[in-house]
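# Overview (structure and organization)
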Amino acid sequence: MAAPASAPADSRSRPAVRDVVFVDGVRTPFGKAGSKGIYAETRADDLVVKVIRELLRRHPELPPERIDEVGIAATTQIGDQGLTIGRSAALLAGLPKSVPGFAIDRMCAGAMTAVTTISSGIAFGAYDVAIAGGVEHMGNHPMGEGVDPNPRYVSDKIVDPTALIMGSTAENLHDRFPTLTKERTDAYAALSQQRYDDALRAGKITPDLVPVSTRSAEQGWGLATTDEPPRPGTTTEALAGLKTPFRPHGRVTPGNAAGLNDGATGCLLADADTAAELGLPVGMRLVGYAFAGVEPEVMGVGPVPATEKALERAGLSIDDIGLFEINEAFAVQVLAFLEHFGIADDDPRVNPWGGAIACGHPLASSGVRLMTQLSRHFAEHPEVRYGITTMCIGFGMGGTVIWENPNYNAGGEQ
């Protein structure tokens, strides 16, 4: 005979959900993938080590032994991006051996998922302070290296064959939404380059970059202090003449898409009470997040349902959002999001300092770059209460995180 069910545990055994705060974020300069890129002879795990050490250097008020977890994302988890990189990089960075770590993968949204996963643990009470981030060395480990897609994806028509080629999915998005013309994507790409260059000149970008010593057989030792991919002075006229590698007479070019890049990001997350106890600054407060799936062959539209889902669960509308950090895997993907929500292509609330088309997109690392920049925008815009970070994800997904500005001035105007 089965034992009677036990009485429900009293409320003391069920911890209340805690507020999660984004303390600070940093990143390495992003490099061009390949033999001539700045990180051609630099290991991926060493990039993560730089990020972890910089977070600790910037926050001496945080005892290293108080860190409860290190979660690092990588899309291609082999070689120097393998071996449970969250744990191995933590050890290499000199964190106490008592600090655990893990690796995670959700393609482009890897770092974003590291943040949401760890934030859930903080909210539940499993962690007080943790590090989340991501790395991608696309020069050493090209996207898709070592993978073996099941042939049933195509033979059983589970996905369209173009779903396996990200550039082709962007062309498909153009097909799906004919109003998203090549001229519009080129104009958006040129604007991204211009906004990034303006922000760089204004001193907005460099403070978040961790200098990385590099070595090249041809050039010897060097120091990476700035992003390598940007093309200042880019014009729509120049972009119009670029080749379309994914389709003859197509619309997706190297100029209106992010390149192949190397780099790492990291951030400190904490519960609000622990941040106050340790004297840690608060860059923003987590409101909610959501991930959603879409047809893999038009993966770029993923941020739309993810954002709708996140807003609904948070009890907010798109009109409540005053700042947007949208990953620019492809310009057409950003424009699909903006058009869906009735936002102008050149809205100043969107990617005010430019985006991945300019600075680069080392896959799994990019989510924390978006968050770090949003926290900086919040500090400059107390009139804005809510902002989002959102991105499309390979194989047909989207992810969105909603954040609240701790500097919000209710008396100001949004």
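Residues numbered from 1 in each chain as written. Predicted model: local features only at pLDDT ≥ 70, side-chain atom pairs only at ≥ 80, totals over all residues. Heavy atoms only, no water.

Within an unreviewed UniProt entry, the label attached to the chain reads Acetyl-CoA acyltransferase, and the organism entered is Saccharopolyspora kobensis. Quoted straight from UniProt, the Sequence similarities (unreviewed entry) entry for the chain says "Belongs to the thiolase-like superfamily. Thiolase family." (UniProt positions renumbered as here; feature names shortened; annotations may be inferred.)

### Observations regarding the layout of surface pockets
Here the largest pocket defines a volume of roughly 570 Å³. A per-class count over the lining of the largest pocket returns 17 nonpolar, six polar and two charged. (1 Å grid on protein atoms, 1.4 Å probe; cavity = no way out; pocket = protein on both sides within 12 Å on 5 of 7 lines; lining within 4 Å. Points joined across faces, edges and corners; volume = space filled by probe spheres on them. Nonpolar A, V, L, I, M, F, W, Y, C, P; charged D, E, K, R; others polar.)

### Quick notes on the packing of aromatic side chains
Two aromatic rings are characterised by how far apart their centres lie and by the angle between their planes. Throughout the structure, instances matching the rule amount to five aromatic pairs. Ring plane angle 70° and centroid distance 6.3 Å describe the contact between F324 and F337, whose orientation is recorded as edge-to-face. Note that F324 is positioned in strand β10 (residues 321-326) and F337 in helix α10 (residues 331-340), a separation of 13 residues in sequence. By the burial criterion, F324 is buried, and F337 matches it. Residues F337 and F341 carry aromatic rings whose centres are separated by 4.8 Å and whose planes lie at 55° to one another, so their mutual orientation is tilted. (Phe/Tyr/Trp six-rings, centres within 6.5 Å; stacked < 30°, edge-to-face > 60°. Helix = DSSP H or I, 4+ residues; strand = E, 2+ residues; numbered from the N terminus. Buried < 20%, exposed > 50% of the residue type's maximum accessible area, 1.4 Å probe, protein only.)

### With respect to the side chain of H137
With respect to the element layout, H137 can be found in strand β5 (residues 129-137). According to the relative accessible area criterion, H137 is buried, its value standing at 1%. Among the polar contacts listed, one links the side chain of H137 to the backbone oxygen of Y39, at a separation of 2.7 Å. Apart from residues no more than four positions distant in its own chain, H137 is found in contact with Y39, T42, R43, A44, Q81 and D262. (Polar contact = N/O pair within 3.5 Å; in protein donor to acceptor, adjacent residues only side chain to side chain. Contact = heavy atoms within 4.5 Å.)

### A word on empty space enclosed by the protein
In this structure the tally under the stated criterion is one cavity of 30 Å³ or more. Here the largest cavity is characterised by a volume of approximately 50 Å³. As for the largest cavity, its lining consists of R27, K204, I205, D208, L209, V368, R369, T372 and Q373.

### Topic: helix α3 (residues 110-124)
If you check α3, its first and last C-alpha atoms are 21 Å apart, about what 15 residues at 1.5 Å a residue would give, namely 21 Å. Judged by how many residues are buried, α3 sits mostly within the fold: twelve of 15 residues are covered. All of the buried residues along α3 are G110, A111, M112, T113, A114, V115, T116, I118, S119, G121, I122 and A123. (Expected span 1.5 Å × (residues − 1).)

### Thoughts on the pattern of salt bridges
According to the stated counting rule, one finds 24 salt bridges in the structure shown. One salt bridge in this structure joins D271 and R18, with 3.5 Å as the shortest N-O distance. Here R18 lies in the segment before β1 (20-27) and D271 lies in strand β8 (residues 261-271), a separation of 253 residues in the sequence. For R18, a relative accessible area of 23% corresponds to the partly exposed category. In this structure, the salt-bridge partner of D208 is R376, at a minimum N-O distance of 2.8 Å. With D208 in the loop between α6 (182-201) and β6 (212-216) and R376 in helix α12 (residues 366-380), this residue pair connects regions lying 168 residues apart in the sequence. Classification of R376 as partly exposed rests on a relative accessible area of 22%. A single salt-bridge network, built from bridges that share partners, covers D19, R285, R385 and E404. (Salt bridge = Lys/Arg side-chain N within 4 Å of Asp/Glu carboxyl O.)

### Considerations on the UniProt feature "active site" (unreviewed entry) in the chain
UniProt's entry tags C108, H361 and C392 with the feature "active site" (unreviewed entry), counted in the numbering of this structure. A maximum C-alpha distance of 12.0 Å places the annotated residues, which cover 285 residues in sequence, within one compact spot. Those annotated residues lining the largest pocket are, specifically, C108 and H361. Positionally, C108 belongs in the loop between β4 (101-104) and α3. Non-local contacts of H361, meaning those with residues more than four positions away in its chain, are made with C108, M138, A258, G259, N261, N327, A329, A356 and S366.

### Re a nonpolar patch on the surface
Together, V154, L164, I165 and F246 give the surface a local cluster of nonpolar side chains, amounting to about 320 Å² of exposed area. Looking at the element boundaries, I165 is found in the loop between α4 (152-155) and α5 (166-176). (Patch = residues over 30% accessible without salt bridge, like charges linked within 9 Å, V, L, I, M, F, W, Y side chains within 5 Å. Areas by Shrake-Rupley, 256 points an atom, 1.4 Å probe, with all protein chains shown as cover.)

### Considerations on the UniProt feature "domain: Thiolase C-terminal" (unreviewed entry) in the chain
As annotated in UniProt, the feature "domain: Thiolase C-terminal" (unreviewed entry) corresponds to residues 285-404 in the numbering used here. Helix makes up 34% of residues 285-404 and strand 26%, with an end-to-end C-alpha separation of 5 Å.

### What to know about the pairing of β5
Burial runs high along β5: nine of the nine residues are buried. Judged by which residues are buried, β5 turns out to be covered on both faces: V129, I131, G133, V135 and H137 on one side and A130, A132, G134 and E136 on the other are all buried. By the bridge criterion, four bridges tie strand β3 (residues 70-73) to β5 in an arrangement that is parallel. Each residue of the ladder has a partner; that of I72, found in β5, is G133. The pairing of β5 with β8 spans nine bridges and is classified as antiparallel. (Pairing = 2+ DSSP bridges.)

### Observations regarding unusual backbone geometry
The backbone of L363 sits at a positive phi, close to 30°, despite the residue not being glycine. Within the fold, L363 resides in the loop between α11 (356-359) and α12. The buried category is assigned to L363, whose relative accessible area is 6%. Positive phi values are uncommon outside glycine, yet F395 reaches one of about 70°. Here F395 shows up in the loop between β11 (386-393) and β12 (397-404). The class of F395 is partly exposed, set by a relative accessible area of 28%.

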